[in-house]
Amino acid sequence: MIARILFALAATASIPAILGPQPAHAAVAPAKLIQMEHISVEVIGTGSPVILIPGLSSPRAVWDGVAPELAKSHSVYLVQVNGFGGDDPRANLKPGVLEGVVADLHTLIGDRKIAGAAVIGHSMGGLAGLMLAARHPASVGRLMVVDALPWFGVLMAQPGSELTVAMVEPRAAQMRDTVTASYGKPPSRAAAEANVASLTLKPESRAKATEWAMAADPRVTALALYEDLTTDMRSELKAIRAPATIVYAWNSQYPTKDRADAFFRGQYASIPNVTYVGIGDSAHFVMLDQPAAFAAALAAFLAG
């Protein structure tokens, strides 16, 4: 599990494997593109609001398997972090990427008058969802976190030991600096393919993830990676009032279902109203590896 989720953080930049971790959209024309300083948002469909937040270096296309169907009965807000998917980084070339993403989401919800929206975030997007729900509880009606943790630093701890953000920061800074140094160099397809290999079980999905990795601005990936590794939301989980669903991957090799169940339940136990959905046989990109199971979990989540 440690290697899998760390690769999920770092794999989407062309960095050495020792640090571990734009295809076309589905045929639904966006009704509107909202450009903000830290994110852009495509809005499709009509109905109750659903906000979809992708993970580190991932474009909004990661949600192509579910967005068209959702748009039949919901207003779907497809988020993309500036600098990912080939976009202009805008304000994401300086520290505060995650805080900026959350601030933009909060502003979006206020401007569009969609308080109480359903928020779904994958990986780093799940962390952003936790931050939004804990710090702006009126904004989120229900929250789904997909294969993410309140603090990824727990994966660096040795069995029986405890880590702090201060202890993890030097390694996180080293990873940030290594990724930043790749800016201006031709992206290595071979390195990207190797780094995303553990993130999905399907060859066709690995091809997509490779393209996404190569389209991301490594400067933005570097800052977001550092902030992901040094943001600890564990003490704030109790402030989340929205019903939360934690979706996580398991597979027949590692992590097994029993280990994944115990681990994720332990990490999220302090959320007052929480449901757990383990999906196997899957790696980090659950929505790509098991689209039918993920769509069913999403439908149950939205039905409440």
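(A) Just the environment of Leu229, in detail. Position of Leu229 among the secondary structure elements: in helix 8 (residues 218–229). For Leu229, a relative accessible area of 0% translates into the label buried. Separated by 77 residues in sequence, Leu229 and Phe152 place their C-alpha atoms 5.6 Å apart.

(B) Expanded view of the nonpolar core. Among the nonpolar cores identified, the biggest contains 67 residues, and Ile51 and Tyr268 are the most heavily contacted of them. Tallying contributions element by element places helix 4 (residues 124–135) first for this core, with eight residues. Not counting residues within four places of it along the chain, the set of residues in contact with Ile51 comprises Tyr77, Val79, Leu105, Ile109, Ile114, Ala117, Ala118, Val119 and Ile120. Ranked by size, the runner-up nonpolar core spans 33 residues in total, among them Ala71, Val76, Val196 and Phe294.

(C) Up close: the sheet that holds strand 1 (residues 32–35). As summarised here, the arrangement of the eight strands in space is 1-2-4-3-5-6-7-8, forming an open sheet in which the pairing is mixed. What marks the edges here is a single partner per strand, and that holds for strand 1 and strand 8 (274–279). Pairwise comparison of adjacent strand axes, ignoring direction, gives a mean angle of 20° for this sheet. Sheet analysis places strand 1 next to strand 2 (residues 39–44), joined by four bridges and oriented antiparallel. Counterpart to Gln35 in the pairing with strand 2 is Ser40.

(D) Region of the structure containing the pairing of strand 6 (residues 140–146). The buried count for strand 6 comes to five of seven residues, which makes it a mostly enclosed element. Looking at chain direction, strand 5 (residues 117–122) and strand 6 are connected through six bridges and run parallel. Considered in strand 6, the bridge of Ala118 is made with Arg142. For the segment spanning strand 5, helix 4 and strand 6, crossover handedness is right-handed. Direction of pairing for strand 6 relative to strand 7 (residues 244–249): parallel, over a ladder of four bridges. Residue pairing across strands places Met144 opposite Thr245, the latter belonging to strand 7.

(E) Spatial organisation of the packing of aromatic side chains. Summed over the entire model, instances satisfying the criterion amount to four aromatic pairs. Ring centres of Phe263 and Phe264 lie 5.5 Å apart, and the angle between their planes is 90°; this geometry places the pair in the edge-to-face category. Aromatic rings pair up to connect Tyr248, Phe263 and Phe264 into one cluster. Residue placement shows Arg176 over the ring face of Tyr226; its charged tip is 4.5 Å from the ring centre. Sitting above the plane of the Tyr183 ring, Arg219 keeps its charged end 3.8 Å from the centroid.

(F) Broad picture of the confidence of the model for the chain. Per-residue pLDDT for the chain has a mean of 90; in total, 90% of the residues score no lower than 70. Ignoring residues within four places in sequence, the model shows residues 1–30, a span with pLDDT below 50, making 99 contacts including any to other chains.

(G) Structural view of the side chain of His284. Mapped onto the elements of the fold, His284 is located in the loop between strand 8 and helix 10 (286–289). Taking relative accessible area as the criterion, His284 reaches 1% and is therefore assigned buried. For His284, the side chain forms a polar contact with the side chain of Asp147, separated by 2.7 Å.

Basis of the calculations
- Residues numbered from 1 in each chain as written.
- Predicted model: local features only at pLDDT ≥ 70, side-chain atom pairs only at ≥ 80, totals over all residues.
- Heavy atoms only, no water.
- Helix = DSSP H or I, 4+ residues; strand = E, 2+ residues; numbered from the N terminus.
- Buried < 20%, exposed > 50% of the residue type's maximum accessible area, 1.4 Å probe, protein only.
- Core = buried A, V, L, I, M, F, W, Y, C linked by side-chain atoms within 4.5 Å.
- Contact = heavy atoms within 4.5 Å.
- Pairing = 2+ DSSP bridges.
- Axes fitted to C-alpha atoms, helices over the stretch in contact; angles between N-to-C directions.
- Right-handed = clockwise from strand over helix to strand, strands pointing away.
- Phe/Tyr/Trp six-rings, centres within 6.5 Å; stacked < 30°, edge-to-face > 60°.
- Lys NZ or Arg CZ within 6 Å of the ring centre and 35° of its normal.
- pLDDT = per-residue confidence, 0-100.
- Polar contact = N/O pair within 3.5 Å; in protein donor to acceptor, adjacent residues only side chain to side chain.

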